Amino acid sequence: GNKIIPAKIEQVEQETTGDFDSTGSKSGGARASGKVVIYNEFSPEDQPLVATTRLETSDGKIFRITKNIVVPGVTKVGNETKPGAIEVDVAADKAGEDMNIGPSDFRISGFKNNPSKYEKFYAKSTKAMASGSAGEAKVITAKDLTTAKDEITVSAKKAAVVALKKSLPADRKIFDNAVNIEVLSATTSDVAGVEKEKFSATAKVRASVLSFSQLDVKAILKNDLVRQGANEGAISFDEPVNYILSDFNNKQKILKFSAKADANALSGIDIENFKKGILGKTNEEAQNYAKNFPAIQKTNISFWPFFAHRIPMRESRVSVEVK
């Protein structure tokens, strides 16, 4: 009766990743880069490795890891022993096309003074290193990183709204401009100064919004029309209801909006009640009474015999035709 309906808090978390081009340049060539998996068969204890740790191939080519990592320790599942493993990004120690090597095996140079550890820590690449060249190299700039974070955050926000809508049952409605989005994180795969043609950025956001059931709204619209004289059985909502958001407060968990439906979808009146209401009325009185029924656009009243001035009191002598 007060036109208040229940709302529900809807929430999703969305993580979006994208690739971006580096715009900086540096003379002297580009260093090859790629990924390797570092294995620990030495100990059940985790092994930290700092950025720039050297990985060396059997023919002496050096690649360095690009960020601090921790290699997990050996684990035992039943009678099976599994080495710890972690995938990391690496970059060649020097520029040049000769560093674009194919899949290779690596050892950690810093462990050479401990033969057992040197033997039990190793790395493997499954894809060729790439982007090594002579001449000018592409470099990631600080502006590249800022722009990438901004753009990927916008993409994550849009994706979160789409995900919210997809998560809703068909009868529930939300307003796009009432969605509250919290940025949880925005990170990049590399730092400024790294020689790379491309890098990636990832943003994670949490989107929340109040939803409501359109069935509740239609129930209010139907009740209003019934009170105005419409025949409940003739009310139809074949056309979509139009909504206009007027106010929202996600903290107070309140939405305010108007809802309007196409009048053509709400045609029809309760003929029997209308007929009873006009019994004994004059033409003018009946015309005024008809104004209480929004579904009636025009009323034409004919009397017979011609000298009659009031609608009969007997219902059987009154005929109502709807066009």
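What counts, and where the lines are drawn
Residues numbered from 1 in each chain as written. Predicted model: local features only at pLDDT ≥ 70, side-chain atom pairs only at ≥ 80, totals over all residues. Heavy atoms only, no water. Helix = DSSP H or I, 4+ residues; strand = E, 2+ residues; numbered from the N terminus. Rg over C-alpha atoms; globule rule 2.2 N^0.38 Å. Contact = heavy atoms within 4.5 Å. Areas by Shrake-Rupley, 256 points an atom, 1.4 Å probe, with all protein chains shown as cover. Lys, Arg positive; Asp, Glu negative; His and termini not counted. Charge placed at Lys NZ, Arg CZ, Asp CG, Glu CD. Polar contact = N/O pair within 3.5 Å; in protein donor to acceptor, adjacent residues only side chain to side chain. Pairing = 2+ DSSP bridges. Axes fitted to C-alpha atoms, helices over the stretch in contact; angles between N-to-C directions. Buried < 20%, exposed > 50% of the residue type's maximum accessible area, 1.4 Å probe, protein only. Phe/Tyr/Trp six-rings, centres within 6.5 Å; stacked < 30°, edge-to-face > 60°. Lys NZ or Arg CZ within 6 Å of the ring centre and 35° of its normal. Salt bridge = Lys/Arg side-chain N within 4 Å of Asp/Glu carboxyl O.

Some remarks on the overall build of the protein chain
- Within the protein chain, the secondary structure is distributed over 5 helices and 18 strands.
- Relative to its length of 323 residues, the protein chain is extended, with a C-alpha radius of gyration of 37 Å against a globular reference of 20 Å.
- For the protein chain, the C-alpha atoms occupy an extent of roughly 120 × 55 × 35 Å along the three principal directions.
- The long-range fraction of contacts in the protein chain, counting pairs at least 24 apart against all pairs at least 6 apart in sequence, stands at 74%.
- On the protein chain, roughly 19,800 Å² of surface is accessible, and the fraction owed to carbon and sulfur atoms is 48%.
- Separation between the mean location of the 47 positive side-chain charges and that of the 41 negative ones in the protein chain comes to 5 Å.

With respect to the side chain of Ser43
- Relative to the helices and strands, Ser43 resides in the loop between strand E3 (31-40) and strand E4 (47-49).
- Side-chain polar atoms of Ser43 contact the backbone nitrogen of Glu45, separated by 3.0 Å.
- With sequence-adjacent residues up to four places away left out, Ser43 is seen in contact with Gly73 and Val74.

What to know about the sheet that holds strand E12 (residues 121-124)
- Here 6 strands make up a closed barrel; going around it, the order is E3-E10-E6-E5-E11-E12 and the pairing antiparallel. Strand after strand, the sheet turns through a mean of 40 degrees between neighbouring axes, direction not considered.
- The pairing of strand E11 (residues 105-108) with E12 spans 3 bridges and is classified as antiparallel. Bridging from a neighbouring strand, Phe106 pairs with Ala123 of E12.

Considering the side chain of Thr16
- With respect to the helices, strands and loops of the structure, Thr16 is situated in strand E1 (residues 7-21).
- Of the residues examined, Thr16 reaches a relative accessible area of 16% and is grouped as buried.
- Leaving out residues up to four positions away in the same chain, Thr16 has contacts with Ile152, Ser155, Ala156, Ala159, Ala201, Thr202 and Ala203.

Regarding the packing of aromatic side chains
- This model, assessed by the stated rule, comprises 13 aromatic pairs.
- Ring geometry for Phe175 and Tyr243: centres 6.4 Å apart, planes at 80 degrees, overall edge-to-face. Separated by 68 residues along the polypeptide, Phe175 in the loop between strand E14 (172-173) and strand E15 (180-188) and Tyr243 in strand E17 (residues 242-249) bring together distant segments of the chain.
- Since its relative accessible area comes to 6%, Phe175 is described here as buried.
- Put simply, the rings of Phe175, Phe212, Tyr243 and Phe257 pair up and form one aromatic cluster.
- Lys281 extends its terminal NZ or CZ atom over the ring of Tyr289, reaching a point 5.2 Å from the ring centre.

Points about the pattern of salt bridges
- Applying the stated criterion across every chain, the model contains 18 salt bridges.
- Between Lys204 and Glu13 there is a salt bridge whose closest N-O contact spans 3.6 Å. Taken together, the residues Lys204 in strand E16 (residues 198-213) and Glu13 in strand E1 connect sequence positions 191 residues apart.
- Given the relative accessible area of 28%, Lys204 is considered partly exposed.
- Among the ionic pairs, Arg206 bridges to Glu182, the shortest N-O distance being 2.9 Å. Of this pair, Arg206 sits in strand E16 while Glu182 sits in strand E15; the two residues are 24 residues apart in sequence, bridging distant segments of the chain.
- Given the relative accessible area of 24%, Arg206 is considered partly exposed.

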